[in-house]
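# Architecture at a glance
Below are the chains, spelled out letter by letter.
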There are 2 protein chains.
Amino acid sequence: MPEIDTGRFLSDLHELRRIGAFRTGVHRPTYSPQDMESRRWLMRKMEEAGLEASIDGIGNVFGRHRGEGPHLLAGSHIESQNEAGWLDGALGVVSALALARAGLPVDVCAFADEEGHFEGGFLGSRSIIGELPEEEIDRSRNRTDGTPLRDALREAGLAGLPRLQVDPARYKGFLEMHIEQGTQLEQAGLQIGVVTGIVAIWQWRLLVTGQQDHAGGTTMAERKDAGLTAMRLLAAIDAEFPRICGERSTWTTGRIVLEPGAPSIIPGKADVLFQFRDVSLEKLQDMEAALRRLVQESNRRERCQTELISISKATPALCDPAMMRALQGAAEALAPGKWQNMPSGAGHDAQYLAKRMPAAMLFVPSIGGISHHWAENTADEDLAMGMRVLAEGAARFLAGSN
Amino acid sequence: MPEIDTGRFLSDLHELRRIGAFRTGVHRPTYSPQDMESRRWLMRKMEEAGLEASIDGIGNVFGRHRGEGPHLLAGSHIESQNEAGWLDGALGVVSALALARAGLPVDVCAFADEEGHFEGGFLGSRSIIGELPEEEIDRSRNRTDGTPLRDALREAGLAGLPRLQVDPARYKGFLEMHIEQGTQLEQAGLQIGVVTGIVAIWQWRLLVTGQQDHAGGTTMAERKDAGLTAMRLLAAIDAEFPRICGERSTWTTGRIVLEPGAPSIIPGKADVLFQFRDVSLEKLQDMEAALRRLVQESNRRERCQTELISISKATPALCDPAMMRALQGAAEALAPGKWQNMPSGAGHDAQYLAKRMPAAMLFVPSIGGISHHWAENTADEDLAMGMRVLAEGAARFLAGSN
């Protein structure tokens with residue numbers, strides 16, 4: 001069992017929490033001054049832990065273990081959503097640091113912009129596996145204020161720096177600890193989740209075209225209300241998806257915009273952002289087929305036409321069985337009966353690293369399931385238990401004693 | 001039959017069209033420089049027609065007939081919606097002017113802000129019937145940019161001017177010609193609509209409260225999606241209203257806003273603007289009762305609570321039978337078989353004047369039913385026919401020969 005200084009691990013977390021502090025959380029948007037300050041903080045900590053620290057052209061902060069392998073890669077992301085939680089991403093980075101400090105042969109990485117402040121998303125992890133072309137960086141802009149990514153990189157002092165690529169041959173696997181961001185562990189009274197796989201998110205846009213018109217002067221019989229058609233389609237999705245979904249599928253309409261959006265004007269356009277998630281590729285394909293059928297039927301019956309646009313389709317990532325066994329063994333040894341296997345409903349850097357090497361994730365509970373909100377939190381004792389299980393699991397996996 | 005110079009009437013309309021011109025329409029928001037220029041134009045035209053012209057403290061432009069009564073009051077509004085049509089409102093003002101020019105004993109008025117650029121709506125017509133308290137002017141702000149009404153009035157040079165009030169005893173009735181803003185006349189191949197009544201608009205806000213959360217980490221079973229609850233309620237309204245509505249009722253959802261409105265976040269709030277219209281008070285009450293029942297049922301079944309807020313309830317206004325008979329007689333004489341009785345699905349200044357005196361409206365066709373859009377239009381020959389019917393109807397009503 002490796003010597004983990006959980007006190008130091010917790011104090012590191014609380015130290016990082018003060019950078020970009022916002023109420024009980026943090027506001028560290030990617031490449032902002034607070035985010036860059038946290039990256040410099042991380043590099044100092046890496047050096048203190050004996051790692052060779054660097055930052056690359058997309059903002060990935062990398063701490064290279066100076067000794068022999070086989071190595072593990074471990075980490076997460078260090079930027080935050082706007083005015084959000086102190087643990088989302090930070091937990092994985094600081095726990096990885098603690099593994100290195102404990103003497104395990106671990107490279108530590110904070111992958112830039114997992115939170116998707118810039119178009120494209122998962123810029124850092126995609127870059128480090130060689131799946132981020134220069135042209136995409138050229139095109140990408142900040143989703144909130146439209147700042148070109150190139151401008152943000154330049155202002156952050158990263159322009160011209162080369163971008164790192166992992167050498168899969170160096171690693172036995174990739175490990176990421178993360179808060180659950182749901183309530184399943186809390187509801188079941190458990191402390192540890194061994195992640196079985198990471199869902200893929202398939203994002204869609206429904207663009208409905210009707211006829212803008214006067215709400216009073218246009219009879220019900222003649223109007224082409226794009227908002228009404230959109231709403232009926234969403235009602236059909238609400239009725240149909242439970243019939244064909246997987247046990248843990250989720251589907252969500254996050255945004256509806258009616259145009260012009262005035263109380264006395266029949267909407268001429270409706271713009272809907274819809275997504276679904278599952279860890280099974282087959283289930284994702286079933287949900288896509290259902291969505292296409294429902295749009296086709298809507299276009300057959302309704303007065304307004306709907307265009308279905310695929311925005312993105314990530315690949316589900318199954319976690320490595322051997323890594324999972326090591327984590328399960330560690331969990332049973334240190335938190336007997338207080339752990340379970342479970343999928344991750346959220347996307348993580350791990351799903352990209354999983355394309356190049358075996359990968360696994362560990363969850364700790366989220367109080368009230370709250371995340372992407374400054375009230376996000378996890379009890380210190382659960383953070384410490386997660387740290388110990390992570391370290392023991394990493395050690396077992398490296399030793400091959402599964 | 002009064003001598004109407006329809007050529008001059010049309011050229012006045014086209015002259016007014018050049019003030020604030022936008023594509024084939026106009027952009028004359030209330031109290032803007034273009035709007036104030038149009039009011040000054042109107043005052044000059046009134047004086048040329050022998051009327052005593054003035055502008056009051058809310059922007060109403062009034063042209064008082066210098067001779068004996070009994071009088072008619074006639075008019076409409078002269079400002080426009082943003083980047084909208086050249087005839088909406090302007091037609092009623094310029095046709096009223098033509099009546100005065102033809103020697104009929106008519107006071108002419110352009111009522112300020114019928115289009116509701118400022119909170120409250122129908123400021124001018126409500127003011128002139130004594131239903132606009134100073135405190136409401138103090139509180140009102142521009143709906144688009146938040147400018148306080150007091151500031152706009154001051155910048156327009158209207159601060160400190162007294163506000164006019166009509167003396168109902170002076171008038172036999174109020175007359176307003178307007179474009180239909182629908183397609184019923186065009187579809188039926190008719191030229192004239194004698195309006196039977198003006199619908200009341202009852203405006204509502206549905207505020208749904210759920211729990212903002214992560215779209216992936218929160219299972220379907222535990223989420224409280226405010227957007228989903230809103231959508232199901234709107235679907236229930238869509239199913240129920242046809243069962244209880246009147247023959248010409250309309251209902252419209254003009255605006256839906258989900259908060260935070262991000263693709264990967266379950267909406268914690270939904271904000272919906274919904275309205276319905278009818279000319280029958282009983283039908284309006286039925287629709288309100290149905291809406292309340294549906295909200296109550298939604299609150300019983302759904303995980304998210306909906307608050308139903310009444311924003312405004314106008315009063316339906318029935319047109320005066322004697323005035324209608326005069327207009328029907330004129331229509332049959334001048335456009336035999338090319339006219340019909342019909343309600344107005346849109347609100348108009350006439351519905352407020354109707355609280356103080358007999359009132360009536362005349363419709364001319366809208367090409368394609370288009371209004372609140374710069375492409376709004378009506379054929380010159382239909383405008384001219386409307387003018388002639390209006391004049392003949394006014395003359396008949398004044399003479400009492402119904």
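Residues numbered from 1 in each chain as written. Chains lettered and ligands numbered in written order. Predicted model: local features only at pLDDT ≥ 70, side-chain atom pairs only at ≥ 80, totals over all residues. Heavy atoms only, no water.

As recorded in an unreviewed UniProt entry, chain A goes by Zn-dependent hydrolase and comes from Teichococcus oryzae.

### Here we look at the overall build of chain A
Scanning chain A from N- to C-terminus turns up 12 helices and 17 strands. Whereas a compact globule of 402 residues would reach a radius of gyration of roughly 21 Å, chain A reaches 23 Å, a difference of no more than 12%. Considering only C-alpha atoms, chain A reaches an extent of 75 × 50 × 40 Å along its principal axes. Split into buried and exposed, the 402 residues of chain A put 59% on the buried side. Intrachain contacts of chain A at a sequence separation of at least 6 include 78% that bridge at least 24 residues. Split by element, the accessible area of chain A, about 15,100 Å² in all, is 48% carbon and sulfur. (Helix = DSSP H or I, 4+ residues; strand = E, 2+ residues; numbered from the N terminus. Rg over C-alpha atoms; globule rule 2.2 N^0.38 Å. Buried < 20%, exposed > 50% of the residue type's maximum accessible area, 1.4 Å probe, protein only. Contact = heavy atoms within 4.5 Å. Areas by Shrake-Rupley, 256 points an atom, 1.4 Å probe, with all protein chains shown as cover.)

### Some details on the sheet that holds strand E9 (residues 200-209) of chain B
Residues and elements named next belong to chain B. The strand order across the open sheet built from 4 strands is E11-E13-E9-E14, with neighbouring strands paired in antiparallel fashion. Where the open sheet ends on each side, the last strands, each with one partner, are strand E11 (250-259) and strand E14 (305-313). Mean inter-strand twist for the sheet, computed between neighbouring axes without regard to direction, equals 15°. The pairing of E9 with strand E13 (residues 269-278) spans 10 bridges and is classified as antiparallel. Within the sheet, the bridge partner assigned to Leu206 lies in E13 and is Val272. Running over the sheet, helix H8 (residues 226-244) touches E9, E11, E13 and E14 and is turned about 15° from E13. (Pairing = 2+ DSSP bridges. Axes fitted to C-alpha atoms, helices over the stretch in contact; angles between N-to-C directions.)

### Structural notes on the pairing of strand E8 (residues 192-198) of chain B
All names here are of chain B. Where burial is concerned, most of E8 is hidden: 6 out of the 7 residues are buried. Both E8 and strand E16 (residues 339-344) contribute to a ladder of 5 bridges, which runs parallel. Within E16, the position partnered with Val194 by the bridge is Asn341. Bridge analysis of E8 against strand E17 (residues 359-364) gives 2 bridges, and the strand direction is antiparallel. Directly across from Gly193, in E17, lies its bridge partner Phe363. Sheet topology places E8 next to strand E15 (residues 317-318); 2 bridges connect them, and they run antiparallel.

### A closer look at the interface of chain A and chain B
With 47 residues of chain A at the contact, the number on the chain B side is 46 residues. Of the roughly 3,900 Å² buried between chain A and chain B, counting both surfaces, carbon and sulfur atoms make up 53%. Inspection of the region where chain A meets chain B yields 2 salt bridges. Between Arg232 of chain A and Asp238 of chain B there is a salt bridge, and its shortest N-O distance comes to 2.7 Å. (Buried area = accessible area lost by both parts, 1.4 Å probe. Salt bridge = Lys/Arg side-chain N within 4 Å of Asp/Glu carboxyl O.)

### Observations concerning the UniProt feature "domain: Peptidase M20 dimerisation" (unreviewed entry) in chain A
Summarizing the sequence annotation, UniProt attributes the feature "domain: Peptidase M20 dimerisation" (unreviewed entry) to residues 201-300 of chain A in the numbering used throughout. Its end C-alpha atoms 28 Å apart, residues 201-300 of chain A is made of 39% helix and 33% strand. (UniProt positions renumbered as here; feature names shortened; annotations may be inferred.)

### Re the packing of aromatic side chains
Think of a pair of aromatic rings as described by two things: how far the centres are apart, and how the planes are tilted against each other in angle. By the definition in use, this model includes 18 aromatic pairs over all chains. Three or more aromatic residues joined by ring pairs form one cluster here, namely Trp202, Trp204, Phe241, Trp251, Phe274 and Phe276 of chain A. Above the plane of the ring of Phe397 of chain B lies Lys172 of chain B, whose end atom (NZ or CZ) is 4.6 Å from the centre. (Phe/Tyr/Trp six-rings, centres within 6.5 Å; stacked < 30°, edge-to-face > 60°. Lys NZ or Arg CZ within 6 Å of the ring centre and 35° of its normal.)

### Things to note about the UniProt feature "binding site: Zn(2+) 1" (unreviewed entry) in chain A
All names here are of chain A. Feature annotation in UniProt assigns "binding site: Zn(2+) 1" (unreviewed entry) to the following positions: His77, Asp88 and His178. A compact arrangement is adopted by the annotated residues: their sequence extent is 102 residues, whereas the largest C-alpha distance between any two is 9.9 Å. Of note, Asp88 is situated in the loop between strand E5 (71-76) and helix H3 (90-101). Under the relative-accessibility criterion, Asp88 is labelled buried at 6%. For Asp88, the side chain forms a polar contact with the side chain of His77, separated by 3.2 Å. Relative to the helices and strands, His178 is located in strand E7 (residues 171-179). Not counting chain neighbours up to four residues away, the residues in contact with His178 comprise Ser76, His77, Asp88, Gly89, Leu91, His348, Met361, Leu362, Phe363 and Val364. At 3.1 Å, the side chain of His178 and the side chain of Asp88 are in polar contact. (Polar contact = N/O pair within 3.5 Å; in protein donor to acceptor, adjacent residues only side chain to side chain.)

### Looking at the environment of Val295 of chain A
Residues and elements named next belong to chain A. As for its position among the elements, Val295 is in helix H9 (residues 281-301). Linking Val295 and Glu282, residues 13 residues apart in sequence, is a C-alpha distance of 20 Å. The contacts of Val295, once residues within four sequence positions are left out, are Leu206, Leu233, Thr306 and Leu308.

### Things to note about the relation of the copies chain A and chain B
Mapping chain A onto chain B calls for a screw motion: a turn of 180° about the axis and a shift of 0.0 Å along it, with 0.1 Å RMSD after fitting. This pairing of chains is accounted for by a two-fold axis. Rotation axis and chain A: the residue whose C-alpha lies nearest the axis is Met231 of chain A, separated from it by 3.0 Å. Counting the interface residues of chain A, we find that 98% of their copies in chain B are interface residues as well, pointing to one common contact surface. (Least-squares fit on C-alpha atoms with pLDDT ≥ 70 in both.)

### Digging into the pattern of salt bridges
Using the criterion set out here, one finds 54 salt bridges over all chains in the structure. Across the salt bridge formed by Arg396 of chain B and Glu392 of chain B, the nearest N and O atoms sit 2.8 Å from each other. Highlighted residues: Arg396 of chain B and Glu392 of chain B, both in helix H12 (residues 380-399), separated by 4 residues, approximately one helical turn. Residue Glu392 of chain B is classed as buried on the basis of its relative accessible area of 7%. Salt bridges here are not isolated pairs; linked through shared partners, they connect Arg8, Asp12, Glu15, Lys45, Glu48 and Arg101 of chain A.

### Some thoughts on the sheet that holds strand E14 (residues 305-313) of chain A
Residue and element names in this part refer to chain A. Reading across from one edge, E11-E13-E9-E14 is the order of the 4 strands in this open sheet, with antiparallel pairing throughout. For this open sheet the edge positions go to strand E11 (250-259) and E14, each flanked by a neighbour on one side alone. On average, adjacent strands in this sheet sit at an angle of 15° to one another, irrespective of strand direction. Of the pairings in the sheet, the one linking E11 to strand E13 (residues 269-278) comprises 9 bridges and is antiparallel in character. What sits directly across from Thr250, in E13, is Arg277. Along the sheet, helix H8 (residues 226-244) makes contact with strand E9 (200-209), E11, E13 and E14, crossing E13 at roughly 15°.

### Remarks on the side chain of Arg126 of chain A
You can see Arg126 of chain A is positioned in helix H4 (residues 123-128). Contact partners of Arg126 of chain A, with chain neighbours within four places excluded, come to Gly120, Gly121, Glu131, Leu132, Glu136 and Tyr352 of chain A.

### A closer look at H8 of chain B
Taking 1.5 Å of rise per residue, the 19 residues of H8 of chain B would be expected to cover 27 Å, and the 27 Å separating its terminal C-alpha atoms lies within 8% of that figure. Burial in H8 of chain B covers these residues: Ala226, Gly227, Thr229, Ala230, Met231, Leu233, Leu234, Ile237, Asp238, Glu240, Phe241 and Ile244 of chain B. Packed against the buried residues of H8 of chain B are H8 of chain A together with E9, E11, E13, helix H9 (281-301) and E14 of chain B. Near the N-terminus of H8 of chain B, the side chain that reaches the backbone nitrogen of Gly227 of chain B, with its oxygen 2.9 Å away, is that of Asp225 of chain B. (Expected span 1.5 Å × (residues − 1).)

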